Amino acid sequence: MGLEIIQYLVLNDNYNYLLRDEATGTTAVVDPSMMLPTMKVLNQRDLRLNYVLQTHHHYDHVDGTPPLSRLIPDLKVVGPKDEHKRFPCQAIELNDGDVFELGETPIRLLSVPGHTSSHCAYYIESIPAVFSGDALFTIGCGRIFEGSFETMYNSLQKLADLPPETKLYCAHEYTLENGAFALSIEPGNQDLVKRLEVAERLRSDNLPTVPSTIAEELKTNPFLRCDSPEIKNNIGLPSGSEVEVFEKIRKMKNSFKG
Ligand SMILES: [Zn+2]
């Protein structure tokens, strides 16, 4: 018995995920952007929703939660304990490292602040898989709204330190946009070139490029490659520290026009 992951696209480019513990049928949704797409998937599969897992409080991650809670009175909302007031309907509060049992599947909350001050990820060791919200993206990372560059860098390193085979389920389909920036600062990275060829084929067939793996990100994601001599030279910081390189490329990405 394991965990079934059902991925569906919501709004323009958000991925929502239903997680169903196969032993017990217990079901959770990660970051529901809206109510109706989640209800549609639940109804199609004749599933009952028990939990919402929230990574952070931005509208495109929480707006489905209040209407789902009204529709399903015993629905429980799980999120980080700090700043719980910003999460709607939150009933179960977890600290960094706490484990929540979805039926028979343990899910660990990892605190990864920077995009927001209480942003978290959900790590499922038994797969392994991580739901990274807007912290770590495929070939990219979230913008920093509520933290220092060092805080965000350390959060990304925490995710990078998960087992390399860990599947990365991030909250947006941004691979091609992120890849264009990555290629502009590390054009000699053949792993990146090859990955983008595959991603372009997938997107032209309207298929998701998510999930990836931590191993793929380590080879191609510039925000996890702040020690790359090619990147350091290309951005004019040949002897910069990893945090200095991270700060510079995060700022460059903010104004990058692919
Ligand atoms: Zn966000």
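For the structure itself, look to the data block above.
For the structure given in this document, a descriptive report is provided here. As the structure is a prediction and not an experimental result, all values here were calculated from the model.

## Here's the deal with the sheet that holds strand E2 (residues 14–21)
Pairing between the strands of a sheet comes from backbone hydrogen bonds, and it takes one of two forms, parallel or antiparallel. Read from one edge to the other, the open sheet built from six strands follows the order E1-E2-E3-E4-E5-E6, with strand pairing classed as mixed. Each having just a single partner strand, strand E1 (3–10) and strand E6 (90–94) make up the two edges of the open sheet. Each strand axis lies, on average, 25° off the axis of its neighbour in the sheet, ignoring direction. Helix-sheet contacts for helix H1 (residues 35–44) involve E1, E2 and strand E3 (27–30), and the interaxial angle to E1 is about 140°.

## Brief notes about helix H9 (residues 242–254)
Helix length check: H9, at 13 residues, gives a terminal C-alpha distance of 18 Å against a target of 18 Å (1.5 Å per residue), a fit within 8%. Along H9, the residues classified as buried are Val 245, Phe 246, Glu 247, Ile 249 and Arg 250. As for H9, its buried residues are in contact with helix H4 (149–160), helix H5 (175–185) and helix H8 (229–234).

## Thoughts on the environment of Tyr 59
As for its placement among the helices and strands, Tyr 59 is situated in helix H2 (residues 59–62). According to the C-beta neighbour criterion, Tyr 59 is exposed, with 9 such atoms within 10 Å. Note: C-alpha distance between Tyr 59 and Leu 159 (100 residues apart in sequence) is 24 Å.

## Topic: the sheet that holds strand E10 (residues 129–133)
With respect to topology, six strands assemble into an open sheet ordered E7-E8-E9-E10-E13-E14, the strand pairing being mixed. Two strands lie at the open edges of the sheet, namely strand E7 (99–102) and strand E14 (212–213), each paired on one side alone. As paired elements, strand E8 (residues 105–111) and strand E9 (residues 120–124) share four bridges and run antiparallel to each other. By the bridge assignment for E9, Leu 109 is matched with Tyr 122.

## Topic: the nonpolar core
One finds Ala 121, Tyr 122, Val 130 and Leu 156 to be the most contacted residues of the largest nonpolar core, which totals 62 residues. Top contributing element to this core by residue count: E9, with five residues.

Rules and cut-offs
- Residues numbered from 1 in each chain as written.
- Predicted model: local features only at pLDDT ≥ 70, side-chain atom pairs only at ≥ 80, totals over all residues.
- Pairing = 2+ DSSP bridges.
- Helix = DSSP H or I, 4+ residues; strand = E, 2+ residues; numbered from the N terminus.
- Axes fitted to C-alpha atoms, helices over the stretch in contact; angles between N-to-C directions.
- Contact = placed C-beta atoms within 7 Å.
- Expected span 1.5 Å × (residues − 1).
- Buried ≥ 20, exposed ≤ 12 C-beta atoms within 10 Å, placed from the backbone.
- Core = buried A, V, L, I, M, F, W, Y, C linked by C-beta atoms within 7 Å.

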